[in-house]
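Listed below are the residues making up each chain.
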Amino acid sequence: MVFLNGKFLPVEEARVSVLDRGFIFGDGVYELVPVYSRVPFRMEEHLARLERSLAAVRIRNPYSRAEWRDIILQLVARQPFEDQGVYFQVTRGVARRDHAFPKDAAPTVFVMSNPLLSPPQELVERGAAALTAVDDRWLHCDIKSISLIGNCLLRQVSADAAAVETILFRDGKLTEASASNVFAVRRGVILAPPKSNLILPGITYDVIVELAQAAGLPFEWRAVSEAELRGADEIWVTSSSKEVLAIVTLDGRPVGDGKPGPVFRNMHRLYQEFKQKVMRAGKERQAA
Ligand SMILES: Cc1ncc(COP(=O)(O)O)c(C=O)c1O
């Protein structure tokens, strides 16, 4: 079951015009909310980011916050599986092809929910491989745009090498990865590239920062040079689907001692505990 323009219907019956600006121009924005045991994780933050993305590209938000919440919860309830990734996108709608915005097109809204595949335990314990590339995307990476050709090309660099991510440098500094944020650990200090127009403000990034600060772990927001990242003791990637994952080889060379480090193991535990806490609170609310 998916949601398209006000209706719940089977995916096979969902149809969008070939003139939709999402199809023609990649003219739209999207979100992905992870759902654990049918409890959405950080839904309000994802909805707030959607509102910011829509405003940034000047697409009218067709729904109120309460309406978005309701659509997501209804779709979650209609799926046969417990852990879900709810994907939703809004495009500028259907119009005769012209780069300039149409005057009267209604935004197209599509929502689907798929089984959420969290990283297997083995990958968490062993760590993952990443490659690097020059970040040659546009200068509005803070907008969660559906125009993802830049990210897809960069992701394929690591996919071709059976690695989990492509970590990006712009002007010699770490930005993020093709579909995740990146943290480094040097001499026990967690380093996070500050938010800017060059990275997506990750919802998981915020959770990691909050958990680090609450636990009193040494933490700094600052630019990380390519040399610093290559010499880091630990590298992590974070996203709603990857959660937090240790990168143990970068371009084929070991990161630190080539195993997930102690700061990572601590953060991974804190993250899982936090997830469980949110899930339990959500279950109690649903039962009340
Ligand atoms: C380019 C990019 N950076 C970072 C992220 C992580 O964002 P979040 O933690 O909100 O999933 C994503 C997620 O899809 C992404 O595509």
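One structure accompanies this document, and this report is about it. (Residues numbered from 1 in each chain as written. Predicted model: local features only at pLDDT ≥ 70, side-chain atom pairs only at ≥ 80, totals over all residues. Heavy atoms only, no water.)

Regarding the pairing of strand E7 (residues 128-134)
So, point 1. Strand direction decides the pairing type here: E7 and strand E14 (residues 243-250), joined by 3 bridges, are parallel. From the neighbouring strand, Ala-130 faces E14, where its bridge partner is Leu-250.
So, point 2. Taken together, the 5 bridges between E7 and strand E8 (residues 165-170) define a ladder with parallel strand orientation. Each residue of the ladder has a partner; that of Ala-133, found in E8, is Leu-168.
So, point 3. Remark: the E7/helix H5 (residues 149-159)/E8 crossover connection has right-handed handedness. (Pairing = 2+ DSSP bridges. Helix = DSSP H or I, 4+ residues; strand = E, 2+ residues; numbered from the N terminus. Right-handed = clockwise from strand over helix to strand, strands pointing away.)

Notes on the environment of Gly-258
So, point 1. Residue position: Gly-258 is located in the loop between strand E15 (253-254) and helix H8 (262-287).
So, point 2. Judged by relative accessible area, Gly-258 falls into the partly exposed class, the value being 26%.
So, point 3. Considered as a pair, Gly-258 and Ile-247 are 11 residues apart in the sequence and their alpha carbons are 8.5 Å apart. (Buried < 20%, exposed > 50% of the residue type's maximum accessible area, 1.4 Å probe, protein only.)

Let's talk about the side chain of Arg-186
So, point 1. Assignment of secondary structure puts Arg-186 in strand E10 (residues 181-186).
So, point 2. The side chain of Arg-186 is buried and forms no salt bridge, while Glu-228, the nearest opposite charge, is found at 4.4 Å.
So, point 3. The residues touching Arg-186, leaving out its near neighbours within four places in the chain, are Leu-191, Glu-228, Gly-231, Ala-232 and Asp-233. (Lys, Arg positive; Asp, Glu negative; His and termini not counted. Salt bridge = Lys/Arg side-chain N within 4 Å of Asp/Glu carboxyl O. Contact = heavy atoms within 4.5 Å.)

Quick word on unusual backbone geometry
So, point 1. Unlike most non-glycine residues, Asp-171 shows phi in positive territory, near 50°.
So, point 2. Tracing the sequence through the fold places Asp-171 in the loop between E8 and strand E9 (173-177).
So, point 3. Relative accessible area serves as the criterion here: at 74%, Asp-171 is assigned to the exposed category.
So, point 4. Backbone geometry at Glu-243 places phi at a positive 60°, although glycine is not the residue there.
So, point 5. Mapped onto the elements, Glu-243 comes out in strand E14.

Details of the nonpolar core
So, point 1. Ile-167, Phe-183, Ile-190, Leu-229, Ile-235 and Trp-236 are the most contacted members of the largest nonpolar core, which totals 46 residues.
So, point 2. Of all the elements, H8 adds the most residues to this core, at 7 residues.
So, point 3. Excluding residues within four positions of it along the chain, Trp-236 makes contact with Asn-181, Val-182, Phe-183, Val-185, Ile-190, Ile-208, Val-244, Leu-245, Val-263, Phe-264 and Met-267.
So, point 4. Residues Met-43, Ile-59, Leu-75 and Val-111 belong to the second largest nonpolar core, which totals 22 residues. (Core = buried A, V, L, I, M, F, W, Y, C linked by side-chain atoms within 4.5 Å.)

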